Amino acid sequence: MNILKFGGTSVGSAESLLHVKQIVSERPERMIIVVSALGGITDQLLQAAAQAEKGDTGYQATFENIRNRHISLIETLFEAGEKREALTGRISGLLKQLHALYEGVCTLQVLPGKTKCEIVSFGERMSSLIVTELLDGARLLNALDFIKTTVVDGKTVLDSACTERLVKETFAQFDGKAVVPGFIATSSRTGEITNLGRGGSDYTASIIADSLDADCLEIWTDVDGFMTADPRIIKTSYVIDELSFMEAMELCNFGAKVIYPPSLYPVYAKDIPIHIRNTFNPAAKGTYIRKRESGSGRTVTGISSISNSCILTVSAASMAGIIGVDSRIFSALAKDNISVFLVSQSSSETNISIGVNEEDADRALELLSREFVHEIAEGSMSPVQLHKNLATVAIVGENMKQNAGIAGKLFSVLGRNGISIIACAQGTEERNISFVVEQKYLRKSLNVIHDSFFLSVYQELNLFLCGVGTVGGDLLGQLASQREKLMREHNLKLNIVGICRSNKGIFCRDGIDLADWRTQLEAGAPLTLAKMRDEVIGMNIFNSVFVDCTASADVATLYRDFFEHGISVVAANKVAASSDYANYASLKALARKRGVKFLFETNVGAGLPIINTITALRNSGDKIEKIEAVLSGTLNFIFNTISADIPFSKTVRMAQEQGFSEPDPRIDLSGKDVIRKLVILSREAGYEVNQEDVEANLFIPADFFDCTMEEFWQKLPSLDADFEARRQRLEAEHKCWRFVARMENGHYSVSLREISAGHSFYVLEGSNNIILLTTERYHKHPMLIQGYGAGASVTAAGVFADIMSIANI
């Protein structure tokens, strides 16, 4: 025999009740159907009672809403006739009793506990009548006759022995379909109406399942089962196929509202499985809860959370070694029925922190302050501290037992995302690690944990792109084209959550559709540097990466703030890495401290793996002794293109038009860009150097750099004759020009050099870059790296590669 329980949403409307009828009609076996009140009715019953207690006649309107809801439901479900009239009469009779109770409460302005219990019982009493009439061949069995409670230490609890005996007697000869109202009960001593507490319909079903040794307890609700996390926060959460009873208890106690926690206890001892099903999607597999020693294949099965948590901290140096402080704390709270859901105590015994719900926090602070008033007054104990606006998160899994490194990984990923842990707790069973964070970090915490412990189908990176020129635009195209492949082959999902340019930006936590990003950006909100920073940090999104495809010094000033908030930076922008050495070093140190990445491979050589190679050599113990490089794709293009037919001035114009140079080509012609690149490489090689330390040998007169752009273009052809004469000489000598950066023995220089035919730099086509690394290991035969060193597509690809390295792919 199976026990089926249908919750408030499952019986809350005519449509949902027809789903219930369909589910039950397809099951020919003997079964017991336990039902809740119509969704929202219990709250309305209590609302009207509270109004009546205050003498507020507004309870009449609330009562009418309750009445109309039930009568309207009957009229929708049943055709006019004797059946509808009879059911309406029975419901009206109950409503008359209910109204009389409200009238009495309003007259006396007193709401005794037993009257309150009787009032809230009407929800299930009416819903069970309707469901019984709706289901063919069903019979109503009143839970008031066999679910019994008693009072222990002032609290109403289940009278287990009496209830089990009565349930067995009631159902001993029953064969068919029975409908039972959940939640409600009567006192085994006085016969007065009581109840099993909010969520008690689950408990009713579990009690009956236990007493009758049912084959399965089915909880029919409005979700497909237990989810790996709250789907309202974690879009990638999914249904857990199977849980152990202990895992389910942990998740329920920490906020998962799928099932009322006490409902697990009666069936747990007999290992009667619980099957969570969706009334509105009966084809879904749902979640099975049963006894088992080991969990699913995953280390962490699910994540649960409690919003609006509060932490109370009792502290004093005098607590160390004193017996009874803990007892006084918990006794004081227990006397006022305040529940503690988390306890964290330092091993030094100087403080203890306890977690309570927000509604109990102020009262708990008052009670503990009163309990320790003398100690606080004499200064032997600090005033009790109350911390609000917090959230508590629990990660749960049977396989966490004896699995080393779970806590370390948890705290590490939270730290890398800029999330501080205020308190934490773990029991010796190692099934649950709970921790407290600021409420504003709840969403981020859940997302990063879900992603890091592979509960998500995909690992996710959330990208903010600043700069949509040639490089940024190409990067967005590459991200769009590779998105599906990365999801399919690497389980990696790249979400573009922000796109900015100098004066506009668009932001979307769920991701921006790249199919029409230009249109969206054009319609985007006005943006300042400060507003962009606030938007990126304020989104507080997990696994965030800021991608800088600008050349802006102002944008580079934001990196420090991003690192402080756990946001990695990928920069095509050279400003930060080539800035004053102290600033460069502090940015690198801060990124390491915060556990985030600061990557700028494309600062030198576009997509060539130059910086990564230098880093790998140094990390393996090698030392970079000398760097010789042709690092300007622009200048290389110019000196490879110059010929008898194409004068120097035209090659400069071609470099600008084809996107090899900066919009102002003098930046390239001055050698400043190469100086910055040499400084970056030398620093990554382990040398402390600034741009001022580099000797720059110009090949264009200085006055060309002090005029306007228009004057520059007018004057440039005047250099053509000299360059052509020198070019002819080089051609005759089988030489060529290369603008070479060099670092050796603490000397740094950039200059236009004449390269002989046998040199590695001689055969260098188009805008290619080349670098020779002489190291302790590669001393006689330097390491050579060569390839495209300029161009939007290869630079964008290099930025893409840095993004992928953050994802460890």
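Preceding this paragraph is the structure being described.
First things first, this report covers the structure right here in the doc. All values derive from a computational prediction rather than experimental measurement. (Residues numbered from 1 in each chain as written. Predicted model: local features only at pLDDT ≥ 70, side-chain atom pairs only at ≥ 80, totals over all residues. Heavy atoms only, no water.)

### Notes on the side chain of arginine 125
For step 1, the next point in the chain: Counting through the fold element by element, arginine 125 comes out in helix α5 (residues 113-134).
For step 2, the next point in the chain: Here arginine 125 occupies a buried position and makes no salt bridge, while the nearest side chain of opposite charge, glutamate 118, is found at 4.8 Å.
For step 3, the next point in the chain: Of note is the side chain of arginine 125, whose polar atom sits 3.0 Å from the side chain of serine 121. (Helix = DSSP H or I, 4+ residues; strand = E, 2+ residues; numbered from the N terminus. Buried < 20%, exposed > 50% of the residue type's maximum accessible area, 1.4 Å probe, protein only. Lys, Arg positive; Asp, Glu negative; His and termini not counted. Salt bridge = Lys/Arg side-chain N within 4 Å of Asp/Glu carboxyl O. Polar contact = N/O pair within 3.5 Å; in protein donor to acceptor, adjacent residues only side chain to side chain.)

### Observations concerning helix α20 (residues 581-594)
For step 1, the next point in the chain: Look at α20: 20 Å from first C-alpha to last across 14 residues, which is about the 20 Å you get at 1.5 Å a residue.
For step 2, the next point in the chain: Tyr584, Leu587, Leu590 and Ala591 are the residues of α20 that are buried. Considered in projection along α20, the buried side chains sweep an arc of 130 degrees and stay on one side of the axis. Relative to its buried face, α20 has exposed residues pointing more than 90 degrees away, namely Ala582, Arg592 and Lys593.
For step 3, the next point in the chain: Looking at the buried positions of α20, the neighbouring elements they touch are α19 (559-564), β25 (598-599) and α25 (672-684).
For step 4, the next point in the chain: The first or second residue beyond α20 is glycine 595, which carries a positive phi of 70 degrees. (Expected span 1.5 Å × (residues − 1). Arc of directions from axis to C-beta. Contact = heavy atoms within 4.5 Å.)

### Structural notes on the nonpolar core
For step 1, the next point in the chain: One finds Ile449, Phe546, Tyr559, Phe648 and Phe699 to be the most contacted residues of the largest nonpolar core, which totals 105 residues.
For step 2, the next point in the chain: Per-element accounting of this core gives the leading share, six residues, to α25.
For step 3, the next point in the chain: Look past the residues within four positions of phenylalanine 546 in its chain and what remains in contact with it is Phe464, Cys466, Met532, Val536, Val555, Tyr559, Phe562, Ile567, Ser568, Val569 and Val570.
For step 4, the next point in the chain: One finds Leu158, Ala178, Ile193 and Leu390 within the second-largest nonpolar core, a separate group that totals 59 residues. (Core = buried A, V, L, I, M, F, W, Y, C linked by side-chain atoms within 4.5 Å.)

### Quick word on the layout of surface pockets
For step 1, the next point in the chain: Considering only enclosed or pocket space, the second largest pocket measures out at about 1000 Å³ in volume.
For step 2, the next point in the chain: For the lining of the second largest pocket, the secondary structure elements donating two or more residues are α15 (470-490), α17 (529-538), α18 (553-556), α22 (633-641), α24 (666-669), α25 and α28 (792-806).
For step 3, the next point in the chain: Here the residues of the lining of the second largest pocket are counted per class, giving 18 nonpolar, 21 polar and eight charged. (1 Å grid on protein atoms, 1.4 Å probe; cavity = no way out; pocket = protein on both sides within 12 Å on 5 of 7 lines; lining within 4 Å. Points joined across faces, edges and corners; volume = space filled by probe spheres on them. Nonpolar A, V, L, I, M, F, W, Y, C, P; charged D, E, K, R; others polar.)

### Topic: the side chain of serine 578
For step 1, the next point in the chain: On the secondary structure map, serine 578 appears in the loop between β24 (568-571) and α20.
For step 2, the next point in the chain: Among the polar contacts listed, one links the side chain of serine 578 to the backbone oxygen of lysine 574, at a separation of 2.7 Å.

### As for the packing of helix α13 (residues 406-416) against helix α14 (residues 442-452)
For step 1, the next point in the chain: Orientation of α13 relative to α14, taken along the N-to-C sense of each, is 130 degrees, at an axis distance of 10 Å. When the interaxial angle is binned, α13 and α14 end up oblique. α14 is crossed by α13, and the crossing has right-handed handedness. From α13, Lys409, Leu410, Val413 and Leu414 reach across to α14, where they touch Ser445, Val448, Ile449 and Ser452.
For step 2, the next point in the chain: Residue classes in the contact of α13 with α14 are distributed as five nonpolar, two polar and one charged. (Axes fitted to C-alpha atoms, helices over the stretch in contact; angles between N-to-C directions. Parallel < 35°, antiparallel > 145°, perpendicular 65-115°, else oblique. Left-handed = near helix turned anticlockwise from the far one by under 90°.)

### Here's the deal with the environment of glutamate 628
For step 1, the next point in the chain: Along the chain, glutamate 628 turns up in strand β26 (residues 624-630).
For step 2, the next point in the chain: For glutamate 628, a relative accessible area of 11% translates into the label buried.
For step 3, the next point in the chain: A sequence separation of 572 residues divides glutamate 628 from aspartate 56, and the C-alpha atoms of the two residues are 88 Å apart.
For step 4, the next point in the chain: At 2.6 Å, the side chain of glutamate 628 and the side chain of arginine 742 are in polar contact.

### Topic: the packing of aromatic side chains
For step 1, the next point in the chain: One pass over the full model with this rule turns up 22 aromatic pairs.
For step 2, the next point in the chain: Note on tyrosine 59 and tyrosine 102: the rings are 5.9 Å apart at their centroids and 45 degrees apart in plane angle, and the pair reads as tilted. You can see tyrosine 59 sitting in helix α3 (residues 59-77) and its partner tyrosine 102 sitting in helix α4 (residues 82-108), a full 43 residues away along the chain.
For step 3, the next point in the chain: By relative accessible area, tyrosine 59 is classed as buried at 4%.
For step 4, the next point in the chain: For tyrosine 102, a relative accessible area of 0% puts it in the buried group.
For step 5, the next point in the chain: Measuring from ring centre to ring centre gives 5.5 Å for phenylalanine 146 and phenylalanine 171, while their planes differ by 75 degrees; the resulting arrangement is edge-to-face. (Phe/Tyr/Trp six-rings, centres within 6.5 Å; stacked < 30°, edge-to-face > 60°.)

### Points about the environment of arginine 67
For step 1, the next point in the chain: Mapped onto the elements, arginine 67 comes out in helix α3.
For step 2, the next point in the chain: Sequence separation between arginine 67 and lysine 96 is 29 residues, and the spatial gap between their C-alpha atoms is 9.8 Å.

### Some points on the sheet that holds strand β1 (residues 2-6)
For step 1, the next point in the chain: Within the open sheet, the eight strands sit side by side as β3-β6-β2-β1-β9-β11-β12-β10. Their pairing is mixed. Single-partner strands in this sheet number two, and they are β3 (138-140) and β10 (242-244). On average, adjacent strands in this sheet sit at an angle of 25 degrees to one another, irrespective of strand direction.
For step 2, the next point in the chain: Pairing geometry for strand β11 (residues 274-278) and strand β12 (residues 287-290), over three bridges, is antiparallel. By the bridge assignment for β12, histidine 275 is matched with tyrosine 288.
For step 3, the next point in the chain: Sheet contacts for α5: β2 (31-35), β3 and β6 (177-181); angle to β6, the most-contacted strand, approximately 160 degrees. (Pairing = 2+ DSSP bridges.)

### Quick word on the sheet that holds strand β5 (residues 155-158)
Hydrogen bonds between backbone groups are what pair the strands of a sheet, and the pairing can be parallel or antiparallel.
For step 1, the next point in the chain: The mixed open sheet is built from four strands, whose spatial order is β5-β4-β7-β8. Two strands bound the open sheet, and with one partner strand each, they are β5 and β8 (193-195). Each strand of the sheet is rotated relative to its neighbour by a mean of 50 degrees, with strand direction disregarded.
For step 2, the next point in the chain: In the sheet, strand β4 (residues 148-152) pairs with strand β7 (residues 184-187) via two bridges, with the strands oriented parallel. Bridge pairing in β7 places lysine 148 opposite threonine 186.

### Details of a negative patch on the surface
For step 1, the next point in the chain: Side chains of Asp580, Glu688, Glu692 and Asp693 sit close together on the surface and give a patch of like negative charge.
For step 2, the next point in the chain: For glutamate 692, the location among the structural elements is in the loop between α25 and β27 (694-696).
For step 3, the next point in the chain: The class for glutamate 692 is exposed, based on a relative accessible area of 68%. (Patch = residues over 30% accessible without salt bridge, like charges linked within 9 Å, V, L, I, M, F, W, Y side chains within 5 Å. Areas by Shrake-Rupley, 256 points an atom, 1.4 Å probe, with all protein chains shown as cover. Charge placed at Lys NZ, Arg CZ, Asp CG, Glu CD.)

### Things to note about helix α21 (residues 610-619)
For step 1, the next point in the chain: Looking at α21, one finds that the buried residues are Ile610, Ile611, Thr613, Ile614 and Leu617. Seen from one end, α21 has its buried residues packed into an arc of 160 degrees, which puts them on one side.
For step 2, the next point in the chain: On its buried face, α21 is in contact with β26, α25, β30 (768-775) and β31 (783-788).
For step 3, the next point in the chain: Downstream of α21 by a residue or two, glycine 621 has a phi angle that is positive, lying close to 100 degrees.

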